[in-house]
Amino acid sequence: MDFALQLLRLAGSLALVLAIFFVCIYGLKRWGYPLRKPASQALVEIVSKHSFGPRHHLILVKVSGAQSILVGVSPQNMNVLATIRDSAGISDDPANIEKL
């Protein structure tokens, strides 16, 4: 009887430790890490992404406020295709686009 009581106590302790562990994991997923920067303070932001195939993309990345970079991504490499400078956001004016 003594062995069964010890085994039950051990199983209960293990269940309690696992429950605390999973509650902590759930809390971190639900409310995020406290040391993480808010998204509004991010230095690099993906504005748009267009896929041409499973592993070929065009990505428009906003960097440091008034500058955007058009990047071509393939399985072999990444290429900067154009740099767009505009203080009021992205515009259709070709004068603001610098091809590289």
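Since we're looking at a predicted model, the values are computed, not measured.

Caption draft 1: Local environment of the overall build of the chain. Secondary structure summary: the chain contains one helix and five strands in total. Start at the N end of the chain and walk to the C end: the helices and strands fall as α-β-β-β-β-β. Taking all 100 residues of the chain together, 14% fall into the buried category. Taking as baseline every contact in the chain between residues at least 6 positions apart, the subset at least 24 positions apart corresponds to 3%. Carbon and sulfur atoms make up 65% of the accessible area of the chain, which totals about 8600 Å².

Caption draft 2: Inspection of the side chain of His57 at higher detail. Here His57 lies in strand 2 (residues 57–63). Judged by relative accessible area, His57 falls into the buried class, the value being 16%. Within the structure, the side chain of His57 is placed 3.0 Å from the side chain of Ser51, a separation counted as a polar contact. The residues contacting His57, other than those within four sequence positions of it, are Lys49, His50, Ser51, Val71, Gly72 and Val73.

Caption draft 3: Quick peek at the confidence of the model for the chain. On average, the chain scores 82 in pLDDT, and the residues at 70 or more come to 75%. Per-element mean pLDDT across the chain ranges from 59 in strand 5 (residues 97–99) up to 92 in helix 1 (residues 2–31).

Caption draft 4: Inspection of the packing of aromatic side chains at higher detail. By the definition in use, this model includes one aromatic pair. With centroids separated by 5.4 Å and ring planes inclined at 70°, the aromatic side chains of Phe21 and Phe22 adopt a geometry described as edge-to-face.

Caption draft 5: Region of the structure containing helix 1. The terminal C-alpha atoms of helix 1 lie 44 Å apart, and with 30 residues this matches the ideal 44 Å at 1.5 Å per residue to within 8%. With one of 30 residues buried, helix 1 is to be regarded as a mostly surface element. Gly32 occupies a position one or two residues after helix 1 and carries a positive phi of about 80°.

Caption draft 6: Summary view of the pairing of strand 2. Relative to strand 2, strand 1 (residues 44–51) runs antiparallel, the two sharing seven bridges. The residue bridging Val44 from the neighbouring strand is Val63, located in strand 2. Between the end of strand 1 and the start of strand 2, which pair antiparallel, lie five residues. Bridge count between strand 2 and strand 3 (residues 67–73): seven bridges; the pairing is antiparallel. Bridging across to strand 3, Leu58 finds its partner in Gly72.

Caption draft 7: Main features of the pairing of strand 4 (residues 78–85). Of the pairings in the sheet, the one linking strand 3 to strand 4 comprises seven bridges and is antiparallel in character. Note that in strand 4 the partner of Val73 across the bridge is Met78.

What counts, and where the lines are drawn
Sequence order as written defines the numbering, with residues in each chain counted from 1. Per-residue local features of the predicted model are confined to residues with pLDDT of at least 70, and side-chain atom pairs are confined, for both listing and counting, to 80 or more; whole-chain, interface and lining totals are unaffected and use all residues. With hydrogens and water excluded, all non-hydrogen atoms of the structure serve as input to the side-chain values. Only DSSP runs of H or I covering at least 4 residues are called helices, and only runs of E covering at least 2 are called strands; the numbering of each starts at the N terminus. The classification of residues rests on relative accessible area computed with a 1.4 Å probe and restricted to protein chains. Under 20% of the type maximum is buried, over 50% is exposed, and intermediate values are partly exposed. It only takes one pair of heavy atoms within 4.5 Å for two residues to be counted as in contact. Reported accessibility uses the Shrake-Rupley method at a 1.4 Å probe radius. Residues are deemed covered only where the shown protein chains occlude them. Polar contact is the term for a pair of N or O atoms within 3.5 Å; when the atoms are in protein, one must be able to donate a hydrogen and the other to accept it, and sequence-neighboring residues count only if both atoms are side-chain atoms. The predictor's confidence in any single residue is recorded as pLDDT, a number from 0 to 100. Under the pairing criterion, centres of Phe, Tyr and Trp rings, with the six-membered ring standing for Trp, must be within 6.5 Å; the plane angle then separates stacked pairs below 30 degrees from edge-to-face pairs above 60, leaving the rest tilted. By this rule the span expected of a helix is its residue count minus one, scaled by 1.5 Å. A pair of strands is labelled paired if DSSP reports no fewer than 2 bridges between them.

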